[in-house]
Amino acid sequence: VQLVESGGGLVQAGGSLRLSCAASGRTFSINAMGWYRQAPGKQRVLVAAITGITSGGGSTNYADSVKGRFTISRDNAKNTMYLQMNSLKPEDTAVYYCNAYSSSYNRKYWGQGTQVTVSS
């Protein structure tokens, strides 16, 4: 599975961005996908996730810090996941990574990351 993110950039506080993650390869094996972020000097943390993909479901969950502001979604036909980020804050500044998990291969896959910078 290969993951390619896009959509990062520089935005003022209060603004919006939409990140995309295009998956290719053995996408049929993906059970869950998510967005993580890593700020300078900090650990990589989960921002939002979609689970139950192979079963036709699509449960979502979010970090408390982004609830009500970020929305994760997936277009199955395009094998693409999105993260709509609204009401952005300077503390949202980080490199955002796309992640996919396959239970068939017991593997996690990562994208290369995309920088999001929110100015105050």
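Rules and cut-offs
- Residues numbered from 1 in each chain as written.
- Predicted model: local features only at pLDDT ≥ 70, side-chain atom pairs only at ≥ 80, totals over all residues.
- Heavy atoms only, no water.
- Helix = DSSP H or I, 4+ residues; strand = E, 2+ residues; numbered from the N terminus.
- Rg over C-alpha atoms; globule rule 2.2 N^0.38 Å.
- Contact = heavy atoms within 4.5 Å.
- Lys, Arg positive; Asp, Glu negative; His and termini not counted.
- Charge placed at Lys NZ, Arg CZ, Asp CG, Glu CD.
- Phe/Tyr/Trp six-rings, centres within 6.5 Å; stacked < 30°, edge-to-face > 60°.
- Buried < 20%, exposed > 50% of the residue type's maximum accessible area, 1.4 Å probe, protein only.
- Salt bridge = Lys/Arg side-chain N within 4 Å of Asp/Glu carboxyl O.
- Core = buried A, V, L, I, M, F, W, Y, C linked by side-chain atoms within 4.5 Å.

**Q** What's the story with the overall build of the protein chain in this structure? I'm lost.
**A** Looking only at helices and strands, the protein chain features zero helices and eleven strands. Taken over C-alpha atoms, the radius of gyration comes to 14 Å for the protein chain, in line with the 14 Å a tight globule of 120 residues would show. Taken over the C-alpha atoms alone, the protein chain extends approximately 45 × 25 × 25 Å along its principal axes. Of the contacts formed within the protein chain by residues at least 6 apart in sequence, a portion of 52% connects residues at least 24 apart. Seen as two clouds, the 12 positive and the 5 negative side-chain charges of the protein chain have centres 6 Å apart.

**Q** Just to check I follow, could you spell out the packing of aromatic side chains for this structure?
**A** The way to describe two aromatic rings as a pair is by their centre distance and the angle between their planes. Under the definition given, this model contains two aromatic pairs. When the ring of Tyr 36 is compared with that of Trp 110, the centres are 5.0 Å apart and the planes differ by 70°; the resulting orientation is edge-to-face. Of the two residues, Tyr 36 is situated in strand E4 (residues 30–38) and Trp 110 in strand E10 (residues 107–110); the sequence distance between them amounts to 74 residues. A centroid spacing of 6.4 Å and a plane angle of 90° characterise the contact between Tyr 97 and Trp 110, whose relative ring orientation is edge-to-face. Of this pair, Tyr 97 sits in strand E9 (residues 94–102) while Trp 110 is found in strand E10, placing the two residues 13 residues apart along the sequence. With a relative accessible area of 36%, Trp 110 lands in the partly exposed category.

**Q** What is the right way to read the side chain of Ser 102 from this model?
**A** In this fold, Ser 102 is placed in strand E9. The exposure class of Ser 102 is buried, given its relative accessible area of 0%. Residues in contact with Ser 102, not counting those within four places in the same chain, are Ser 29, Asn 31, Arg 107 and Tyr 109.

**Q** Hey, could you run me through the pattern of salt bridges in this one?
**A** In a structure, side chains of opposite charge can pair up when their charged atoms sit close to one another. This model, assessed by the stated rule, comprises three salt bridges. With a shortest N-O distance of 3.1 Å, Lys 67 and Asp 64 are connected by a salt bridge. Judged by relative accessible area, which is 66%, Asp 64 ranks as exposed. Within the structure, one salt-bridge network assembled from shared partners comprises Arg 37, Arg 69 and Asp 92.

**Q** Sorry if this is basic, but what is going on with the nonpolar core here?
**A** Nonpolar side chains tend to gather and get buried jointly when the protein is soluble and globular. Counting residues in each nonpolar core, the largest one holds 28 residues, and the members touching the most others are Leu 3, Met 33, Trp 35, Leu 83, Met 85 and Tyr 96. Those elements giving two or more residues to this core turn out to be strand E3 (17–24), E4, strand E5 (45–51), strand E7 (70–75), strand E8 (80–85), E9 and strand E11 (114–119). Among residues more than four places away in sequence, those in contact with Leu 3 are Cys 21, Ala 22, Ala 23, Met 33, Cys 98, Asn 99, Ala 100, Tyr 109, Trp 110, Gly 111 and Gln 112.

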